[in-house]
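# Topology and contacts: notes
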Amino acid sequence: MDRRGDGPAGRRGGNRPAIRRPDVPCLQLHWFQAWLDNGSALEIGTYQDDDGFGLHGRSSDIASDGHWNGIYRWRSFPELPTGPVEHVAVFHERHFLAEVHFRIGARPLALVAGELEETHEGGLIFQRLDESVLAFTDLVALECVPWNTARQVHPAAF
């Protein structure tokens, strides 16, 4: 998560961006990219509709070379699970692909269309169906965070 932090003057009100905050049980990502055994990449981001955002996935033959323009940066996340995907569950909310849950090894990974918004008091609002990808490795935390609207997800049928 990009938030204000202590340090030298930067672009945001004299504070430099900080990436970690211990009270946040997820990572806020612009885009999620996973490399597969065959050398291709799976990319998961969001798309915008008239009244919200949903998750969007695509395969890619080329994995990122680590370069990115603007305020976003590519980095690896050793705290996320790696290994064979054992289970995938897809959940929709209204007409959006809202969440994708994976079991990788014995560890969960939930990707959620959403965003964290910092309040003037320093608190956080967990926005659902927003423009970032939130990555949770604790499904209890996913259920318990103070979402701006109630989670009303339904398993998708194929």
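Model, not experiment: these values are computed from the prediction. (Residues numbered from 1 in each chain as written. Predicted model: local features only at pLDDT ≥ 70, side-chain atom pairs only at ≥ 80, totals over all residues. Heavy atoms only, no water.)

Core analysis: the largest hydrophobic core is formed by 14 residues, its most contacted members being Phe32, Leu55, Phe102, Leu109, Leu111 and Ala135. Taken together, the elements giving at least two residues each to this core come down to strand 3 (26-29), strand 8 (96-104), strand 9 (107-118) and strand 11 (132-136). For Leu111, the residues in contact, after removing those within four places along its chain, are Phe32, Ile44, Leu55, Ala98, Glu99, Val100, Phe102, Val133, Leu134 and Ala135. (Core = buried A, V, L, I, M, F, W, Y, C linked by side-chain atoms within 4.5 Å. Buried < 20%, exposed > 50% of the residue type's maximum accessible area, 1.4 Å probe, protein only. Helix = DSSP H or I, 4+ residues; strand = E, 2+ residues; numbered from the N terminus. Contact = heavy atoms within 4.5 Å.)

As a further point, take the environment of Ser59. By secondary structure assignment, the location of Ser59 is in strand 6 (residues 52-60). Owing to a relative accessible area of 63%, Ser59 belongs among the exposed residues under this scheme. Taking C-alpha positions, Ser59 is 9.9 Å from Leu36, a pair spaced 23 residues apart along the chain.

The next subject is the sheet that holds strand 5 (residues 41-49). Taken together, the three strands give an open sheet; going across it, the order is 4-5-6, and neighbouring strands pair in antiparallel fashion. Each of the sheet's edge strands pairs with one partner strand only, and the pair in question is strand 4 (32-35) and strand 6. Strand-to-strand twist of the sheet, defined as the mean angle between neighbouring strand axes without regard to direction, takes the value 25°. In terms of strand pairing, strand 4 meets strand 5 through four bridges, oriented antiparallel. Of the residues in strand 5, the one forming a bridge with Gln33 is Glu43. (Pairing = 2+ DSSP bridges. Axes fitted to C-alpha atoms, helices over the stretch in contact; angles between N-to-C directions.)

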